[in-house]
Amino acid sequence: MPKKAKKKAKKKAEKTASKTASKAAAKTPAKAATKRPAKALDRDTAERIAAALETIASKLAAASPAPNPAKSFDAADAFVWHPDGRLAPVPHVSRVEIGLLKGVDRMRDILMENTERFTNGLPANNALLWGARGMGKSSLVKAAHASINVDRKPADRLKLIEIHREDIESLPGLMELLRSSSFRFIVFCDDLSFDGNDASYKSLKAVLEGGIEGRPDNVILYATSNRRHLLAREMIENERSTAINPGEAVEEKVSLSDRFGLWLGFHRCSQDEYLAMVKGYCDHFGIKLADEALEREALEWSTTRGSRSGRVAWQFTQELAGRLGVRLGGK
């Protein structure tokens with residue numbers, strides 16, 4: 001084959017290969033381009049489904065009946081508050097009859113008078129029950145509530161709502177719910193205290209006094225604590241040592257307890273008061289034991305526990321009743 005013919009054939013072959021490569025390259029992006037609309041279509045479909053579900057949910061929420069606090073308050077005399085806005089009724093409150101609380105006569109009379117005034121629509125103070133452990137602080141609050149309701153009609157009954165210490169920050173929401181009710185409420189927080197850098201006590205201060213709305217007229221707050229100022233001693237000492245103005249820092253924290261108008265101090269009971277508690281429980285529940293043996297065993301029990309209190313007296317009563325086969329159905 002002549003040289004010119006060879007060159008022409010070579011050029012023709014290269015040209016054909018170049019065209020083939022160009023066509024292949026052109027086909028590849030075309031395939032990719034066909035996939036993109038599919039992905040976009042999937043996204044659009046997902047967004048339409050999500051929008052439809054939101055619409056259905058909103059219509060269901062609108063169709064469901066709104067909660068009626070008035071009806072829910074008729075369900076019971078006591079409730080437990082949950083921070084999600086729910087009030088759980090308590091059909092049977094764990095309480096001791098007020099006549100069985102010995103050694104706290106003065107505190108009992110003051111709290112009962114304050115509670116009765118509040119229930120009758122007269123001015124009354126928030127109350128802080130502080131002092132020795134096991135001396136009946138929380139028992140007195142629950143017993144006072146039960147005693148007030150003994151002869152009252154359903155529409156006039158006092159309601160007891162317990163809020164847990166860790167839910168104090170949700171207290172403004174509870175107050176807003178109770179404000180519009182025709183009932184009157186004791187909001188009760190047991191074992192209230194604050195430690196470390198816990199700043200939730202500021203929410204409580206604003207609700208008690210100082211906020212724009214203030215405490216609703218139909219709500220009173222009772223709290224129990226082992227601490228008179230609700231704050232740990234080391235928390236106050238730390239403020240004295242680190243603050244620019246120690247006096248102002250301590251005043252800011254201690255002012256919380258000042259917003260309780262009524263302070264009731266509970267102190268350790270004497271031996272005679274402790275034995276009176278034990279005998280009161282035994283008489284009430286029909287536990288029969290000779291006085292000398294009862295006193296000896298009760299004192300021995302308190303010695304093993306290292307303290308004398310209403311709680312220790314009740315624990316001994318349970319031990320004695322179980323040993324003698326007596327049921328404590330009246331509690």
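Thresholds, definitions, all that
Residues numbered from 1 in each chain as written. Predicted model: local features only at pLDDT ≥ 70, side-chain atom pairs only at ≥ 80, totals over all residues. Heavy atoms only, no water. Salt bridge = Lys/Arg side-chain N within 4 Å of Asp/Glu carboxyl O. Helix = DSSP H or I, 4+ residues; strand = E, 2+ residues; numbered from the N terminus. Buried < 20%, exposed > 50% of the residue type's maximum accessible area, 1.4 Å probe, protein only. Pairing = 2+ DSSP bridges. Right-handed = clockwise from strand over helix to strand, strands pointing away. Patch = residues over 30% accessible without salt bridge, like charges linked within 9 Å, V, L, I, M, F, W, Y side chains within 5 Å. Areas by Shrake-Rupley, 256 points an atom, 1.4 Å probe, with all protein chains shown as cover. Lys, Arg positive; Asp, Glu negative; His and termini not counted. Charge placed at Lys NZ, Arg CZ, Asp CG, Glu CD. Phe/Tyr/Trp six-rings, centres within 6.5 Å; stacked < 30°, edge-to-face > 60°. Lys NZ or Arg CZ within 6 Å of the ring centre and 35° of its normal. Contact = heavy atoms within 4.5 Å. Expected span 1.5 Å × (residues − 1). Arc of directions from axis to C-beta.

(A) Geometry of the pattern of salt bridges. For the coordinates displayed, the defined rule picks out ten salt bridges. The salt bridge partner of Asp77 is Arg157, with a shortest N-O separation of 2.7 Å. Highlighted residues: Asp77 in the loop between helix H2 (69–73) and strand E1 (78–82) and Arg157 in the loop between helix H4 (137–148) and strand E4 (159–162), separated in sequence by 80 residues. Residue classification places Arg157 among the partly exposed positions, given a relative accessible area of 22%. Between Arg108 and Asp105 there is a salt bridge; the shortest N-O distance is 3.6 Å. Placement of the pair is Arg108 and Asp105 together in helix H3 (residues 105–119), with a separation of three residues, close to one helical turn. Residue classification places Arg108 among the partly exposed positions, given a relative accessible area of 23%. Among the residues examined, Asp105 registers a relative accessible area of 40% and is labelled partly exposed. When salt bridges that share partners are traced, they join Asp77, Arg157 and Lys159 into one network.

(B) Representation of the pairing of strand E5 (residues 185–189) within the structure. Summarising burial for E5: five of the five residues are buried, a large majority. Here E5 shows a buried face lined by Phe185, Val187 and Cys189 and a second buried face lined by Ile186 and Phe188. The sheet contact formed by E4 and E5 spans four bridges and is parallel. Bridge pairing links Leu160 to Ile186 in E5. Since E4 and E5 lie parallel, the crossover through helix H5 (residues 171–179) that links them has a hand, and here it is right-handed. Note: E5 against strand E6 (residues 219–225), five bridges, orientation parallel.

(C) Region of interest: a positive patch on the surface. Taken together, the side chains of Arg133, Arg268, Arg305 and Arg311 define a basic patch exposed on the protein surface. Looking at the secondary structure, you find Arg305 in helix H10 (residues 291–305).

(D) Representation of the packing of aromatic side chains in the model. Following the criterion strictly, the structure yields six aromatic pairs and no others. With centroids separated by 6.1 Å and ring planes inclined at 55°, the aromatic side chains of Trp301 and Phe316 adopt a geometry described as tilted. Of this pair, Trp301 sits in helix H10 while Phe316 sits in helix H11 (residues 310–324), and the two are 15 residues apart along the sequence. Accessibility expressed as a relative area gives 23% for Trp301, which makes it partly exposed. When its relative accessible area of 1% is taken as the criterion, Phe316 is described as buried. Connected via pairs of aromatic rings, a cluster forms that spans Phe73, Phe79, Phe183 and Phe185. The ring of Phe183 has Lys159 sitting right over it, with the charged end atom 4.6 Å from the ring centre. Sitting over the face of the ring of Phe118, Arg184 holds its NZ or CZ atom 4.5 Å from the ring centroid.

(E) Structural view of the side chain of Ser138. Position of Ser138 among the secondary structure elements: in helix H4. Each residue touching Ser138, except ones within four places of it in the same chain, is listed here: Phe188, Asp190 and Thr224.

(F) Broad picture of the pairing of strand E7 (residues 262–266). Of all five residues in E7, four are buried; the element is thus mostly enclosed. Pairing analysis gives five bridges linking strand E3 (residues 127–131) to E7, with the strands arranged parallel. Its bridge partner being in E7, Trp130 is matched across the sheet by Gly265.

(G) Region of interest: the environment of Ala75. Counting through the fold element by element, Ala75 comes out in the loop between H2 and E1. Along the backbone, Ala75 and Ala88 are 13 residues apart, and their C-alpha atoms lie at a distance of 9.7 Å.

(H) View of H3. With 15 residues, H3 should cover 21 Å at 1.5 Å per step; its first-to-last C-alpha distance of 21 Å lies within 8% of that length. For H3, the full list of buried residues reads Met107, Leu111, Met112, Asn114, Thr115, Phe118 and Thr119. An end-on view of H3 places all buried positions within 165° of arc, on one side of the element. Turning to H3, the residues buried within the fold contact E3, H4, E5, E6 and E7.

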